[in-house]
Amino acid sequence: NDSVTLGVARDSALINLGSVTLNGTTSLVGTVSGTGTMVMNDTVTLTGVVLGEQVVTLSSGAALEIVNGEMNINAQDEWNGSITLTSGALNYANITSNGLLFAENGTLTIQSGVLNIASTSYIKDTVSLIINETGTLSINGGEVDFNTGDTWTGKVTLDSGVMTYNNLTSNGKFEATG
């Protein structure tokens, strides 16, 4: 069978102190904590929570879909595949590079570091976008729609791509270089 559900219920917890590799189609429910490593090599649907102390690798070609879940990506993680934020939350901090992002709905928080929106990546206006003071959103070929309810105290750079700005009452720093 190439399909697996990891976790037993929304309130379940997996304490990963070792290494978990997810191959095949996987549904990840409950909370994953601990200082272990998690490698995602295929399609993963997240309805639970992956806490920040997990060392996560989203391999090239792998796809993570966040559906009412919460994913924390930070400095020790590798993001080479794609993430689709359908609902729930994606918290991003200090990662050196990232793969593709398709943000449809939910909450995207750039806590710190640079989140790159490359060609084919996008953030729709239905996403609650939060760019903290030490965070940067870099648009390099992708598309970002800012709208009422977004919080932008950090920096946005536009090299190429599309940025739509609608009904924001305040914003942080903006640089257009392209």
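The text that follows walks through the structure, step by step, so that each part is easy to find. If you're wondering where the values come from, they're calculated on a predicted model, not measured in any experiment.

Reading guide: rules and limits
Residues numbered from 1 in each chain as written. Predicted model: local features only at pLDDT ≥ 70, side-chain atom pairs only at ≥ 80, totals over all residues. Heavy atoms only, no water. Helix = DSSP H or I, 4+ residues; strand = E, 2+ residues; numbered from the N terminus. Rg over C-alpha atoms; globule rule 2.2 N^0.38 Å. Buried < 20%, exposed > 50% of the residue type's maximum accessible area, 1.4 Å probe, protein only. Contact = heavy atoms within 4.5 Å. Areas by Shrake-Rupley, 256 points an atom, 1.4 Å probe, with all protein chains shown as cover. Pairing = 2+ DSSP bridges. Phe/Tyr/Trp six-rings, centres within 6.5 Å; stacked < 30°, edge-to-face > 60°. Salt bridge = Lys/Arg side-chain N within 4 Å of Asp/Glu carboxyl O.

**Observations regarding the overall build of the protein chain**
Stage number 1. Assigned secondary structure in the protein chain consists of 0 helices and 21 strands.
Stage number 2. For the protein chain, the C-alpha radius of gyration of 16 Å lies close to 16 Å, the compact-globule estimate for 178 residues.
Stage number 3. The buried share of the protein chain, reckoned over its 178 residues, is 46%.
Stage number 4. Long-range contacts, defined as pairs at least 24 residues apart, comprise 7% of the intrachain contacts of the protein chain with a sequence gap of at least 6.
Stage number 5. Working note: accessible area of the protein chain is about 7900 Å², and carbon and sulfur atoms make up 48% of it.

**Comments concerning the pairing of strand E4 (residues 25-28)**
Stage number 1. Of the two faces of E4, only the one carrying Thr26 and Leu28 is buried; Thr25 and Ser27 on the other face are not.
Stage number 2. Both E4 and strand E7 (residues 43-46) contribute to a ladder of 3 bridges, which runs parallel. Across the sheet, the residue bridging to Thr26 is Val44, located in E7.

**Brief notes about the sheet that holds strand E6 (residues 37-40)**
Stage number 1. What the 4 strands build is an open sheet, ordered E3-E6-E9-E12; its pairing is parallel. Edge positions in the sheet fall to strand E3 (19-22) and strand E12 (78-79), since each has one partner strand and no second.

**Remarks on the packing of aromatic side chains**
Stage number 1. Scanning all chains against the criterion turns up 4 aromatic pairs.
Stage number 2. Here Trp79 and Tyr92 contribute two aromatic rings whose centre-to-centre distance is 6.1 Å and whose plane-to-plane angle is 65°, an arrangement assigned as edge-to-face. With Trp79 in strand E12 and Tyr92 in strand E14 (residues 88-93), the pair connects residues that are 13 residues apart, well separated along the chain.
Stage number 3. Arranged with centres 4.8 Å apart and planes meeting at 20°, the rings of Phe146 and Trp152 form a pair that is stacked.
Stage number 4. Overall, Trp152 belongs to the buried group, its relative accessible area being 3%.
Stage number 5. Through successive ring pairs, a cluster of aromatic residues spans Phe146, Trp152 and Tyr165.

**Brief notes about unusual backbone geometry**
Stage number 1. We note that Asn68 has phi near 60°; this positive angle belongs to a residue other than glycine.
Stage number 2. You can see Asn68 is positioned in the loop between strand E10 (63-66) and strand E11 (69-73).
Stage number 3. One non-glycine residue with positive phi stands out, namely Thr120, at about 80°.
Stage number 4. For Thr120, a relative accessible area of 53% gives the class exposed.

**Details of the pattern of salt bridges**
Stage number 1. One pass over the full model with this rule turns up 2 salt bridges.
Stage number 2. With a closest N to O distance of 3.3 Å, Glu175 and Lys155 form a salt bridge. Taken together, the positions of Glu175 in strand E21 (residues 173-176) and Lys155 in strand E20 (residues 155-165) put the pair 20 residues apart, joining distant regions of the chain.
Stage number 3. Of the residues examined, Glu175 reaches a relative accessible area of 26% and is grouped as partly exposed.
Stage number 4. Where Lys173 meets Glu175, a salt bridge forms, and the shortest distance between an N and an O atom there is 3.5 Å.
Stage number 5. Lys173 gets classed as partly exposed once you look at its relative accessible area, which sits at 49%.

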